[in-house]
Amino acid sequence: MTKRIIAGSIAEEEAPYELSLRPRVLAEYIGQQSVKDNLDVAIQASLKRGEPLDHILLYGPPGLGKTTLASVIANEMSAHFRSTAGPLIQLKGDLTAILTNLEFGDVLFIDEIHRLQPNIEEILYPAMEDFKLDIGATTRAGLITAPLRSRFGMVHRLDFYSVPELEYIIRRSAEILTAPITGEGCHEIAKRCRGTPRVANRLLKRIRDFADVKGTGEITAPVARDALKLLDIDEQGFDDMDRKLLRAVIERFGGGPVGLNTIAAVLSEEIDAVEDIYEPYLLQIGFLQRTPRGRVATKFAYEHLGIPYRPPQAGLF
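Let me begin by describing the structure that accompanies this report. These numbers come from a predicted model, not from an experiment. (Residues numbered from 1 in each chain as written. Predicted model: local features only at pLDDT ≥ 70, side-chain atom pairs only at ≥ 80, totals over all residues. Heavy atoms only, no water.)

### Topic: the overall build of the chain
Then comes step 1: Check the secondary structure of the chain and you find 14 helices and 7 strands.
Then comes step 2: For a compact globule of 317 residues, the expected C-alpha radius of gyration is about 20 Å, and the chain comes in at 21 Å, within 12% of that figure.
Then comes step 3: Principal-axis analysis of the C-alpha atoms places the extent of the chain at approximately 60 × 55 × 35 Å.
Then comes step 4: Residue pairs at least 24 apart in sequence account for 73% of intrachain contacts in the chain once pairs closer than 6 positions are excluded.
Then comes step 5: A total of about 15,300 Å² of accessible surface is found on the chain, and carbon and sulfur atoms cover 51% of it.
Then comes step 6: Considering the chain, the positive charge centre built from 38 side chains and the negative charge centre built from 44 side chains are found 4 Å apart. (Helix = DSSP H or I, 4+ residues; strand = E, 2+ residues; numbered from the N terminus. Rg over C-alpha atoms; globule rule 2.2 N^0.38 Å. Contact = heavy atoms within 4.5 Å. Areas by Shrake-Rupley, 256 points an atom, 1.4 Å probe, with all protein chains shown as cover. Lys, Arg positive; Asp, Glu negative; His and termini not counted. Charge placed at Lys NZ, Arg CZ, Asp CG, Glu CD.)

### Quick look at the nonpolar core
Then comes step 1: The biggest cluster of nonpolar side chains holds 73 residues, and the ones touching the most others in it are Leu-69 and Leu-245.
Then comes step 2: For this core, the element with the highest residue contribution is helix H9 (residues 197-214), accounting for 7 residues.
Then comes step 3: When near neighbours in sequence (up to four residues on either side) are disregarded, Leu-69 contacts Leu-26, Tyr-29, Val-35, Leu-39, Leu-58 and Leu-158.
Then comes step 4: Residues Ile-89, Ile-110, Leu-148 and Phe-152 belong to the second largest nonpolar core, which totals 16 residues. (Core = buried A, V, L, I, M, F, W, Y, C linked by side-chain atoms within 4.5 Å. Buried < 20%, exposed > 50% of the residue type's maximum accessible area, 1.4 Å probe, protein only.)

### Structural notes on the state of the cysteines
Then comes step 1: Overall, the coordinates contain 0 disulfides when judged by the stated rule.
Then comes step 2: Sulfur of Cys-186: no disulfide; nearest cysteine sulfur belongs to Cys-193 and is 9.1 Å away.
Then comes step 3: Here Cys-186 falls in the buried class, since its relative accessible area comes to 0%. (Disulfide = S-S within 2.5 Å.)

### Topic: the pairing of strand S2 (residues 81-85)
Then comes step 1: Here S2 pairs with strand S3 (residues 107-111) via 5 bridges, running parallel. Across the sheet, residue Phe-81 finds its bridge partner in S3, namely Val-107.
Then comes step 2: Crossover handedness for the path S2 to helix H4 (residues 92-100) to S3: right-handed. (Pairing = 2+ DSSP bridges. Right-handed = clockwise from strand over helix to strand, strands pointing away.)

That's the geometry; what it means functionally is another story.
Structure follows, in structure tokens:
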């Protein structure tokens, strides 16, 4: 899979940069207000009683702040934070070593928890019953086994962010990076970052470079537009792969319905990559529709690509 600047997943080299921009406490964490309100009550009640929190499952598309929120919870609880990921735990001994070093009330964060192997997953159950707080995160909640899911007392979905929320995040990140930015420049980035804070911060970094080299250093709306044009990111935040996907559905399959396997084959991508990375945002903003018979391009997709709209044939779905 090709590396995309608008991908929600984190690249290894970005970790130090992203860590510097992460909020430390709930008051600094922007967006996801309902989730925050519920967690705030649970944290305060837990601290008041001197008890660990219930186990927490966070799910949603990549880049929305699941890891950040887990570290914020640990900070609010004044607990030690340990982090790992499902794919990294290949042997029972790997997880046993992690669990052995946990103290009462410690926070263990397991990213992509749905990818734990069943025989390894079983080792986690006693630790969860011993109230060593486990926070699981996944992009695919439906793949978590019923026994594991039942052990999470709190389950929260993280949704895509609104433009005003992203503007606040971008302004905060720009202050930390000492990158001058105007309100219009901030808005231009916010409306093109696919509702995802990680993408917003990544674009800000690239546009800051462009402003330093091609401008005065200040990120204005014209500077942001020119930089985004250079990065091949359009007004909707789509890159070339998004447009290829929509164009394939419309031009090669008459707008759909077309199966996921077929789309993946046409794009030369893995099925999971199409379903987990490319599709969610297109579905969220209404450019693609999921039906029992396959994916269908909506009128918005036709208009965005400048193709005359052809309604799906009656009875297809």
